[in-house]
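# Working through the structure, step by step
These are the residues of each chain, in order.
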Amino acid sequence: AWLAGRHDAGELPAVERGRRIERDRRTAYRGGLAGPMGERVAALLDELEPVAGPLGCARGVDAARDLLRRGGGAADQRAAAGRPSDLERAVRALSARFGDPALG
């Protein structure tokens, strides 16, 4: 309903084209969710928050904000791998969290 309302009011942002998407992809590769990419994700979550509750999605937005604060999934993987990096430790730690309802 929210998206349809924005469409009807002519408020939808322009569709991103190839160069912007490619630039964002490179930015995310270099910095993950730190810097510009994290700021864009946070802004999108801000836009979604008012409609998330009525749609029953507030918990998902909260989980996304928490993931953003932690630096994204890649940061979770690096933390699980530890120092020195251990792939098996990372897989065990992350698989133990799989399906955890507290993680959204």
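Residues numbered from 1 in each chain as written. Predicted model: local features only at pLDDT ≥ 70, side-chain atom pairs only at ≥ 80, totals over all residues. Heavy atoms only, no water.

## Looking at the overall build of the protein chain
The helix and strand tally for the protein chain stands at six helices and zero strands. N-terminal to C-terminal, the α/β element order of the protein chain is α-α-α-α-α-α. Against the compact-globule benchmark of 13 Å for 104 residues, the protein chain has a radius of gyration of 17 Å, which places it well outside the compact range. Oriented by its inertia axes, the alpha-carbon framework of the protein chain measures out at about 55 × 35 × 15 Å. When each of the 104 residues of the protein chain is scored for burial, the buried share is 16%. In the protein chain, 33% of the contacts between residues at least 6 apart in sequence involve partners at least 24 apart. On the protein chain, roughly 7900 Å² of surface is accessible, and the fraction owed to carbon and sulfur atoms is 59%. (Helix = DSSP H or I, 4+ residues; strand = E, 2+ residues; numbered from the N terminus. Rg over C-alpha atoms; globule rule 2.2 N^0.38 Å. Buried < 20%, exposed > 50% of the residue type's maximum accessible area, 1.4 Å probe, protein only. Contact = heavy atoms within 4.5 Å. Areas by Shrake-Rupley, 256 points an atom, 1.4 Å probe, with all protein chains shown as cover.)

## What to know about the packing of helix α3 (residues 36–52) against helix α4 (residues 58–70)
Orientation of α3 relative to α4, taken along the N-to-C sense of each, is 165°, at an axis distance of 10 Å. Considering the angle they form, α3 stands roughly antiparallel to α4. Here the hand of the crossing between α3 and α4 comes out left-handed. In contact with Gly38, Val41, Ala42, Leu45, Asp46, Glu49 and Ala52 of α3, α4 contributes Ala58, Val61, Ala64, Arg65 and Leu68. Per-class residue counts for the contact of α3 with α4 are eight nonpolar, one polar and three charged. (Axes fitted to C-alpha atoms, helices over the stretch in contact; angles between N-to-C directions. Parallel < 35°, antiparallel > 145°, perpendicular 65-115°, else oblique. Left-handed = near helix turned anticlockwise from the far one by under 90°. Nonpolar A, V, L, I, M, F, W, Y, C, P; charged D, E, K, R; others polar.)

## Re the side chain of Asp76
Structurally, Asp76 can be placed in helix α5 (residues 73–81). Only 2.7 Å separates the side chain of Asp76 from the side chain of Arg70, close enough to count as a polar contact. (Polar contact = N/O pair within 3.5 Å; in protein donor to acceptor, adjacent residues only side chain to side chain.)

## Quick look at α5
Restricting attention to buried positions, one finds in α5 the residues Ala75, Asp76, Ala80 and Ala81. Packing partners of the buried residues in α5 comprise α4 and α6 (87–97). Following α5 by one or two positions, Gly82 adopts a phi angle in the positive range, close to 70°.

Don't take any of this as a statement about function, it's just geometry.
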